[in-house]
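Structural features, examined
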Amino acid sequence: MKICFNQATTMKNSNLEKDLKYCEKAGYELLEIRLDKLRDYLQEHSLADLADFFKKNRIKPYAFNALEFITFRDEEGYQQIKDDLKFLCEVGEKINCKKIVVVPTFDVGDYTKSEIKEESVRVLNDLADTAEKYGVKLAYEFVGYPNCSVNTFGQTYDIIETLDRESVGLVLDCFHFHAMGSRIEDLKNADPEKIFIFHIDDAEDLPVGALRDDKRLWPGEGTIDLDLILKTLKEIGYKEMVSVELFRPEYWDWDIEKTIITAKETTEEVVGKYFEIE
Ligand code: ZN
């Protein structure tokens, strides 16, 4: 299992240059790059600088985060998504980063699950038509909030399975999985090839539907049954990568290097019980 760092974990005070430096130093194999951090970086650096860094170092880019709220958009909003997609595909080509996280929309109104599925399939197919031209894959990330239109593993898997397209899979984020009570049976029945990205984290002990991203904790320090998720992933044959992703304001205020090291150590301790760390 390759260990990856998601830039959300140091979102407030760091930038791409610092995250790259400290992640390489800490021995991460992979990085998930945030779109906003990428844009900031390109204000003062070139894409060639970024490509050069990855060429000279061990750490490699794995995915971009994220195209947000892709479904139920008006024309202008959707055009922005398409423009961002094209931008990320073009950057991805230069630095060999071939996955993009895509997120469903919140507060869409009284749509039924089948209408949400239909809209998700329609939009994902349209975006995949573009992404595939660049060899890029899309990972649909459900969010474990009651007001997100796609908020459980089972609902997401059903969409991805219906879509049945090699270039479209999903993100399994332990926090989102736990937060809306996704069923472990649904993960047990999943094809590991459809899990494009695995986000690890933990959470404070709040009831179903009450958790928000700021309540994330370091892996192993909260109440999510990570052992069960990891054991199940091993059973179904998933073994690609694990990306540590927190959004906790308290950790954002820590020294950046300390945050990056703690993220890796806590992840390895939890994941190492089930998987060999590469
Ligand atoms: Zn996530």
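All residue numbers refer to position in the chain's written sequence, counted from 1. Residues qualify for local features only when their pLDDT is at least 70, as the model is predicted, and side-chain atom pairs are given and counted only at 80 or more; totals for whole chains, interfaces and linings, by contrast, use all residues. Processing note: side-chain calculations cover all non-hydrogen atoms of the structure and skip hydrogens and water entirely.

Thoughts on the pattern of salt bridges
- Each reported salt bridge corresponds to a side-chain nitrogen of Lys or Arg within 4 Å of a carboxyl oxygen of Asp or Glu. Per the counting criterion, the structure on display carries 23 salt bridges.
- Taking the shortest distance from any N to any O, the salt bridge between lysine 86 and glutamate 90 comes out at 3.4 Å. Here lysine 86 and its partner glutamate 90 are both found in helix H4 (residues 75-95), four residues apart, which amounts to about one turn of the helix.
- One salt bridge in this structure joins aspartate 201 and arginine 216, with 2.9 Å as the shortest N-O distance. With a gap of 15 residues between them, aspartate 201 in the loop between strand S7 (195-200) and strand S8 (202-203) and arginine 216 in strand S9 (residues 216-217) connect regions that are remote in the sequence.
- Arginine 216 sits in the buried class, given a relative accessible area of 0%.
- Several salt bridges share partner residues, and in doing so they unite Asp173, Asp201, Asp213, Arg216 and Glu245 into one network. Helix and strand assignments come from DSSP, with helices taken as H or I runs of at least 4 residues and strands as E runs of at least 2, each series counted from the N terminus. The buried label applies to any residue whose accessible area, calculated with a 1.4 Å probe on protein chains only, is under 20% of its type's maximum; exposed applies above 50%, and partly exposed to all values in between.

Remarks on the coordination of the zinc ion
- The rule for donors is simple: an N, O or S atom within 2.8 Å of the metal counts, and for Na, K and Ca the reach is 3.2 Å. Water is not among the atoms, so a site may look short of donors. At this site the zinc ion is bound by Glu141 (OE), Asp173 (OD), His199 (ND1) and Glu245 (OE), with donor distances of 2.0 to 2.1 Å.
- Working rule for geometry: tetrahedral if four donors all subtend angles between 85 and 135 degrees; square planar for four, octahedral for six, if opposite donors exceed 155 degrees and the others stay between 65 and 115; irregular in every other situation. Considering all four donor atoms around the zinc ion, angles at the metal cover 85 to 166° and the coordination shape is irregular.
- Sequence spacing of the donor residues for the zinc ion, all on one chain, is E-x31-D-x25-H-x45-E. Of this pair, glutamate 141 sits in strand S5 (residues 137-141) while histidine 199 sits in strand S7, and the two are 58 residues apart along the sequence.
- Under the relative-accessibility criterion, glutamate 141 is labelled buried at 5%.
- Judged by relative accessible area, histidine 199 falls into the buried class, the value being 0%.

Re the packing of aromatic side chains
- Between the rings of Phe, Tyr and Trp (Trp by its six-membered ring), a pair exists once the centres lie within 6.5 Å; its type follows the angle of the planes, with under 30 degrees stacked, over 60 edge-to-face, and the other angles tilted. With the rule as written, the count across this model stands at 12 aromatic pairs.
- A ring pair is formed by phenylalanine 198 and tyrosine 238, whose centres lie 6.1 Å apart and whose planes are at 80°; its orientation type is edge-to-face. Of this pair, phenylalanine 198 sits in strand S7 while tyrosine 238 sits in the loop between helix H9 (226-236) and strand S10 (241-244), and the two are 40 residues apart along the sequence. Each member of the pair, phenylalanine 198 as well as tyrosine 238, is classed as buried.
- Through pairs of rings, three or more aromatic residues link up here, namely Phe142, Phe153, Tyr157 and Phe177.
- Placement of a charge over a ring requires the Lys NZ or Arg CZ to be within 6 Å of the ring centre, with the centre-to-atom vector within 35 degrees of the ring normal. It is lysine 234 that lies over the ring of phenylalanine 275; its NZ or CZ is 5.3 Å from the centre.

Overview of a negative patch on the surface
- Residues Glu161, Asp164, Glu166, Asp191, Glu193 and Glu240 make up a contiguous surface patch of negative charge.
- Inspection of the secondary structure assignment puts glutamate 240 in the loop between H9 and S10.
- You can call glutamate 240 partly exposed: its relative accessible area is 40%. Only residues whose relative accessible area exceeds 30% and that form no salt bridge enter a patch; like-charged residues are grouped when within 9 Å of one another, and nonpolar side chains (Val, Leu, Ile, Met, Phe, Trp, Tyr) when within 5 Å. Residue exposure ignores everything except the shown protein chains as possible cover, and the areas themselves are Shrake-Rupley values with a 1.4 Å probe. Under the counting rule used here, the positive set is Lys and Arg, the negative set is Asp and Glu, and His together with the chain ends is not counted. By convention, the point assigned to a charge is CZ for Arg, NZ for Lys, CD for Glu and CG for Asp.

Observations regarding the side chain of lysine 264
- Examined against the element boundaries, lysine 264 turns out to sit in helix H11 (residues 256-271).
- What makes lysine 264 buried here is its relative accessible area of 12%.
- Whether two residues touch is decided by their heavy atoms; if any such pair falls within 4.5 Å, the residues are in contact. Those residues within four positions of lysine 264 in sequence are excluded, and the remaining contacts are Ile3, Ala26, Gly27 and Tyr28.

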